[in-house]
Amino acid sequence: MDLLKKINNKWIKKFSYPLIISGPCSAENEKQVIKISKELNKSYVEVFRCGIWKPRTKPGLFEGSGEKGLKWMIKAKKETGLLLATEIANKEHIKLALKYKIDILWIGARSTCNPFTIQEISDNLKNCNNIILIKNPLNLDINLWIGAIERLVKNNIKNIGIIHRGFSILNNSKYRNQPCWLEVLKFKNKYPNIPIICDPSHISGNNKYIYEISKKAINFGYDGLMIETHNNPEKALSDSLQQITPKKLTEILNNILLKKKIIKKHLIKLEIYRNNINEIDENIINLLKNRFISSKEIGKIKKKYKIDYLQKKIMKKLKDNYKKLCKKLNLDEFLIQRIFEEIHKKSIEIQMK
Ligand code: PEP
Ligand code: MN
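Calculation criteria
Chains are numbered independently. Their residues run from 1 in the order of the written sequence. By the order in which they are written, chains take letters starting at A while ligands take numbers starting at 1. This being a predicted model, a pLDDT of at least 70 is required before a residue's local features are given, and a value of 80 or more before pairs of side-chain atoms are given or counted; all residues contribute to the totals for chains, interfaces and linings. Side-chain measures were taken over the full set of non-hydrogen atoms in the model, leaving aside hydrogen atoms and water. Distances decide who is a donor: an N, O or S atom must be within 2.8 Å of the metal, or within 3.2 Å for Na, K and Ca. Water is not included, so sites may look incomplete. The classification of residues rests on relative accessible area computed with a 1.4 Å probe and restricted to protein chains. Under 20% of the type maximum is buried, over 50% is exposed, and intermediate values are partly exposed. Each domain's extent is set by a domain assignment, obtained either automatically or from a database. Two residues form a contact once any of their heavy atoms are found within 4.5 Å. Throughout, the accessible surface (probe 1.4 Å) given up by two parts as they are put together, summed over both, is called the buried area. Salt bridges, as used here, are contacts in which a Lys or Arg side-chain nitrogen is within 4 Å of a carboxyl oxygen on Asp or Glu. Helix numbering and strand numbering both begin at the N terminus, where a helix is a DSSP run of H or I of at least 4 residues and a strand a DSSP run of E of at least 2. Being near a molecule or strand, for a residue, means having at least one of its heavy atoms within 4 Å of it. Polar contacts, as used here, are pairs of N or O atoms within 3.5 Å; protein pairs need one atom able to donate a hydrogen and one able to accept it. Residues neighboring in sequence count only if both atoms are side-chain atoms. When residues are grouped by polarity, Ala, Val, Leu, Ile, Met, Phe, Trp, Tyr, Cys and Pro land in nonpolar, Asp, Glu, Lys and Arg in charged, and all others, Gly among them, in polar.

Caption draft 1: Looking closely at the coordination of the manganese ion (ligand 2). Ligation of the manganese ion (ligand 2) by protein atoms is provided by Cys25 (SG), His202 (NE2), Glu228 (OE) and Asp239 (OD), these donors lying 2.1 to 2.4 Å from the ion. Take cysteine 25: its relative accessible area is 1%, and that puts it in the buried class. Judged by relative accessible area, which is 8%, histidine 202 ranks as buried.

Caption draft 2: The domain arrangement of the chain, seen in detail. Looking at the chain, the domain boundaries give domain 1 (3-258) and domain 2 (265-352). A C-alpha centroid distance of 38 Å is found between domain 1 and domain 2. On the domain 2 side, the residues contacting the 14 residues of domain 1 number 13 residues. In this assembly, domain 1 packs against domain 2 so that about 1,200 Å² is buried in total across both faces, 54% of it on carbon and sulfur atoms.

Caption draft 3: Quick peek at the pattern of salt bridges. On inspection of all chains with the given rule, the structure shows 15 salt bridges. With a closest N to O distance of 2.6 Å, glutamate 30 and lysine 75 form a salt bridge. Linking glutamate 30 in helix 2 (residues 30-40) with lysine 75 in helix 3 (residues 67-80), this pair joins segments that are 45 residues apart in sequence. On the basis of relative accessibility, which here comes to 33%, the residue glutamate 30 falls in the partly exposed class.

Caption draft 4: How the structure looks around the site of ligand 1. In the vicinity of ligand 1, the residues found are Cys25, Arg49, Lys54, Glu87, Trp106, Gly108, Ala109, Arg110, Lys135, Arg165, His202 and Glu228. Interatomic distance of 2.8 Å between a side-chain N/O atom of lysine 135 and an oxygen atom of ligand 1. At a separation of 2.6 Å, an oxygen atom of ligand 1 approaches a polar side-chain atom of arginine 165. Its residues assigned to classes, the shell around ligand 1 shows three nonpolar, two polar and seven charged.

In structure tokens:
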């Protein structure tokens, strides 16, 4: 039996559509938490999110306010009635989040990558009735995501949803994390029973793109959005570039939800594949950029050690390799040869420079 098919979406039906979760990346101080929650309470938001323990890339940065932040969140709930959500990553976080009766717990992208972490989280949440949201892993590995969800289902955790926050791939694209819509939508189609929330903030990495990502997610049939908001985004202690004010959030949601047009199914499908092609083209360009960086380095070594720029033997080996790969993937061999002829020409040019 496919464990994921057992998940039911009853919990999300209790919210309006779409479910809007919003709040600061990090709870920074009591005043900030209360202020943002009150602002958000005036609009579409039903769940107030705050990061309490922040997984930062480097030590020495603001790593969250810890237990006292949970107290501020409780106060915000008392004043606004909003439900609360925070990220948990270990046993201690779970103990505290449950002690303070946080309604929704989410598992961050860095945790989903690690089966040991997920198992520890799952064991400590055994039989838990809270809503648990699982973000996609950092890397584009849908099976790793599925595995994490299975670990929760196995421990009788029933109220499960997933969050699409984009993937960290070799990236010079305009987004901080690539959405890889096609892969996620295939997953969504296979398991329409699992509620799915989009996190445009961590996909975009920049407040400029929150609108376009949110709009796409709604058109693609997502159940909700999780968007980071801050009263003073520029001064935020974490993820300052991608946060927006509660007022801006309302503007964006008004635009998307009030002006929502019914879009025909085939046009949505077209949009999904067009997006996929865009992402692939960006990847090709990124890869070429890296390839030419290597060419430059090779050129330096060849110059220093007086090695011929044109290496016929190596060329032949590369070409044989492409040929084999084309056969395996059933690709037009001559097309690939033509593309690589141009790439090689440029490579030699860069080496000789
Ligand atoms: C967050 O939601 O603030 C966060 C740390 O997200 P992610 O796990 O997606 O990086
Ligand atoms: Mn964040």
